[in-house]
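Working through the structure, step by step
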Amino acid sequence: MSSSPARRALGVALLAALLVAAPAALTAHFEADDYIQLALLAERLPVEVDQSRLDVYTFLDGSPDRLIVLRDQGPVPWFAHPELKIRFWRPLTAWLVALDWELFGTSPTGYHLMGLAWYLLAVLAVGLLLRELLPARVFGLAILLFAVASSHRQIVTWLASRYAGVSLTLGALALLLHIRNRKRGSFGGVLSTGLWIGALLAGESSLGWFAILIAWETVAASDDRARRVRALIAPGAVLITWLAIYVALGYGTAGSGSYVNPLQEPLAYLALAPARILALLSCLVFGFQADVWLYQPQWRGAFVVGGVLAIFLGGWLWRRARRELDPGERGALDALVLGSILALVPQAAGPLGPRSLAIASVGGAAFVAAVLHAGWRAWRARAELRPGVGAKLVIALAAVLFFSHALVSPALWFVWNAVYGPFVTESEAMMDGADLKAAEIAQQDVILLRASNVLVGLYAPARWALLEEPTPRSWRILTMRPGRLRVTRTGERELELQALTESPATPFETILRSPQQALKVGDRVELPGLAAEVLAVSNSQPSHVRFTFPKPLDDPSHVWLDRDLKAVKLPALGESLELRE
């Protein structure tokens, strides 16, 4: 970079990123999908799979035969869609995770320090890109806001989200070289094409970079239309080729209510996408946390309202902020903002989370920085010019955005560590203290009455396998509903589970089966190890189910556990037991 102030601004941003992210990296544990991916790399999965080490982002391949085994032996619950597919093509990121496995084994610190390194590289790459596009008076604040954005924490703290950091880095460099080549002419176009390929092989989130690329060529490039179209040929060919291979190899999703494949389920996608995009816009503009959308469904209406406000207030602020820029500088800001909004479109195909904003946050940071610059200019001018209603509103909204993005967002890195870290530690303690006997577990069928703690319920067998501990012969989850549960013994081989607490479908219930293909009263699911008959449904999920087992419930091969993996003594025939949360 040519100017000392720009280098200093980037240095400050890198230091800020290190200060907020390093504590998270040093204290993070493995969790959730990490156990499955690493157990696959270690060839220790408790169920047999024919899967490449470069295919660790294939969680369920959609094969009905394999799903029968996974639903019968676990850990996939019986109510999952029989053709559920959650399969992503991320070979470059998978190779990097495999390399980490060879270096660090089962020690999580090394993995998360690599995640931190990728995050710092992402800040550097995005900083170089923003320096190319934004005026100096906006750039410094934009890259600082980007560096401390709490929406980036999963890049550092969750190994399964490594793809987001790699895609962020390679995509930013690809776009930077593309723009420099278009402006000044160089051999960077060839390298840019290679980086586009790498970004897509890192993860599907890189589609967002192509949205920003198209926006830049549409509204910011200064040459004629024909040259703009020609400039998109190489990256467009990369994108089309990648998409064709992706579809031909059978990657994508099916049967899920959270992951919706726009190519195969366009109507389902169109039904979900508007609310999800509005929610992500509210996060981008006002700093709302996408986790809340996922785990607290009762707040989704507020997110949608926030998204509508983001469109109207954000659009108005955008126009005001553009006035503070020279005409030649406005195109780049327009491209970043427009492209980042378009980058949310593919993200609406999956469950919302912090990583959903990784690429869109580039334009989001530029937008907020431009608004803060305009607000500061209006504040400084208030003594000379009596501010009108518009200027006062700019100052007020800029203050709100400064509070949420510059103060609250970096603080949330530490709040999340303080709140979520103990939950992960507690979950690990539950798995370590399970009421199972190591000498007998391999010959036992564990029936988990409820798995309301998902980290424990879905991932305990994979964690035990990764740590080379004994795993049960089967792991059957009967329900994932939170709250009180009544267990009634209705026969020698039969019991009923009834949810006593009314609650919305949990995120993982929705992931495992689409509400549009929900089980109905009277439906039966027949598996080798159990049969389930739905007696009642609530919020598109079974709330009262009768289970029948091939062996008597008191057979010594059965082990009955609750959500904390502590043993449960079943009630006598005709009697009930109530389990509290």
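Residues numbered from 1 in each chain as written. Predicted model: local features only at pLDDT ≥ 70, side-chain atom pairs only at ≥ 80, totals over all residues. Heavy atoms only, no water.

Focus: the sheet that holds strand β11 (residues 558–561)
Consider a sheet: its strands pair through backbone hydrogen bonds, and that pairing is either parallel or antiparallel. Taking strand neighbours across the sheet as the criterion, the three strands line up as β5-β4-β11 in an open arrangement whose pairing is parallel. Edge positions in the open sheet fall to β5 (474–477) and β11, since each of these has one partner strand only. For this sheet the average axis-to-axis angle between neighbouring strands, irrespective of direction, equals 20°. Taken together, the four bridges between strand β4 (residues 445–448) and β5 define a ladder with parallel strand orientation. Within β5, the position partnered with aspartate 445 by the bridge is serine 474. (Pairing = 2+ DSSP bridges. Helix = DSSP H or I, 4+ residues; strand = E, 2+ residues; numbered from the N terminus. Axes fitted to C-alpha atoms, helices over the stretch in contact; angles between N-to-C directions.)

Focus: the pairing of strand β9 (residues 530–538)
Both strand β8 (residues 524–527) and β9 contribute to a ladder of four bridges, which runs antiparallel. Along β9, the bridge assignment pairs arginine 524 with glutamate 533. In this structure, the hairpin formed by β8 and β9 is closed by a connection of two residues. Judged from the seven bridges that link them, β9 and strand β10 (residues 541–548) form a sheet pairing that is antiparallel. Within β10, the position partnered with serine 538 by the bridge is glutamine 541. Turn length for the β9-β10 hairpin, with the two strands adjacent in sequence and antiparallel, is two residues, and the turn residue asparagine 539 shows positive phi of about 50°.

Re the pairing of strand β6 (residues 485–491)
In terms of burial, β6 is largely enclosed, as five of its seven residues are buried. Bridge count between β6 and strand β7 (residues 494–499): six bridges; the pairing is antiparallel. Paired with arginine 486 across the two strands is glutamine 498, which belongs to β7. In sequence, β6 turns back onto β7 through a hairpin of two residues. Relative to strand β12 (residues 576–579), β6 runs antiparallel, the two sharing four bridges. If you follow arginine 486 over to β12, its bridge partner there is glutamate 578. (Buried < 20%, exposed > 50% of the residue type's maximum accessible area, 1.4 Å probe, protein only.)

Looking at the packing of aromatic side chains
Two numbers describe a pair of aromatic rings. These are the distance of the centres and the angle of the planes. Counted under the stated rule, the structure contains 19 aromatic pairs. Ring plane angle 80° and centroid distance 5.7 Å describe the contact between phenylalanine 288 and phenylalanine 303, whose orientation is recorded as edge-to-face. One end of the pair, phenylalanine 288, is in the loop between α13 (266–286) and α14 (290–295); the other, phenylalanine 303, is in helix α15 (residues 300–323), with 15 residues separating them in the sequence. For the ring pair tryptophan 464 and tryptophan 475, a centre distance of 5.5 Å and an interplane angle of 85° mean the geometry is edge-to-face. Taken together, the positions of tryptophan 464 in helix α20 (residues 460–466) and tryptophan 475 in strand β5 put the pair eleven residues apart, joining distant regions of the chain. What makes tryptophan 475 buried here is its relative accessible area of 2%. (Phe/Tyr/Trp six-rings, centres within 6.5 Å; stacked < 30°, edge-to-face > 60°.)

Brief notes about α13
The terminal C-alpha atoms of α13 lie 29 Å apart, and with 21 residues this matches the ideal 30 Å at 1.5 Å per residue to within 8%. In α13, a bend of some 40° at alanine 273 exceeds every other bend along the element, and proline 274, a proline, comes one to four places later. Remark: glycine 287 follows α13 within two positions and exhibits a positive phi of approximately 80°. (Expected span 1.5 Å × (residues − 1). Bend = angle between axes of the 7 residues up to and from the residue.)

Side note on the pattern of salt bridges
Counted under the stated rule, the structure contains 29 salt bridges. Here arginine 53 and glutamate 102 are joined by a salt bridge, their closest N and O atoms 2.9 Å apart. Separated by 49 residues along the polypeptide, arginine 53 in the loop between α2 (33–41) and β1 (58–61) and glutamate 102 in helix α4 (residues 91–104) bring together distant segments of the chain. Given the relative accessible area of 31%, arginine 53 is considered partly exposed. Taking the shortest distance from any N to any O, the salt bridge between glutamate 578 and arginine 484 comes out at 3.0 Å. (Salt bridge = Lys/Arg side-chain N within 4 Å of Asp/Glu carboxyl O.)

Looking at the layout of surface pockets
Empty space left among the atoms is revealed by rolling a probe the size of a water molecule over them. By volume, the second largest pocket is sized at about 480 Å³. By residue class, the composition of the lining of the second largest pocket is 14 nonpolar, ten polar and three charged. (1 Å grid on protein atoms, 1.4 Å probe; cavity = no way out; pocket = protein on both sides within 12 Å on 5 of 7 lines; lining within 4 Å. Points joined across faces, edges and corners; volume = space filled by probe spheres on them. Nonpolar A, V, L, I, M, F, W, Y, C, P; charged D, E, K, R; others polar.)

A short note on the nonpolar core
Trp78, Trp209, Leu478, Phe547 and Leu565 are the most contacted members of the largest nonpolar core, which has 186 residues in total. Leave out the neighbours within four places in its chain, and leucine 565 touches Met430, Met431, Ala434, Asp435, Leu448, Val456, Ala460, Trp464 and Trp475. (Core = buried A, V, L, I, M, F, W, Y, C linked by side-chain atoms within 4.5 Å. Contact = heavy atoms within 4.5 Å.)

Quick notes on the side chain of glutamate 428
The topology assignment puts glutamate 428 in helix α18 (residues 389–432). Although glutamate 428 is buried, it forms no salt bridge, and the closest oppositely charged side chain is arginine 463 at an N-O distance of 4.3 Å. Among all residues touching glutamate 428, those that are not within four sequence positions of it are His29, Phe30, Tyr35 and Arg463. (Lys, Arg positive; Asp, Glu negative; His and termini not counted.)

What to know about empty space enclosed by the protein
One pass over the structure, following the stated rule, counts five cavities of 30 Å³ or more. Lining the largest cavity are 23 residues, and of these Ala149, Ser151, Cys283, His405 and Ser409 lie nearest its centre. Every element with two or more residues in the lining of the largest cavity is listed here: α6 (136–148), α13, α14, α17 (360–380) and α18. Of all the elements, α18 adds the most residues to the lining of the largest cavity, at five residues. Put simply, the second largest cavity is a space of about 100 Å³. Lining the second largest cavity are 16 residues, with Leu478, Thr479, Arg481, Pro542 and Val545 positioned closest to its centre. Those elements that provide at least two residues to the lining of the second largest cavity are β7 and β10. It is β10 that provides the largest number of residues to the lining of the second largest cavity, a total of five residues. The residue inventory of the lining of the second largest cavity, partitioned by class, reads ten nonpolar, four polar and two charged.

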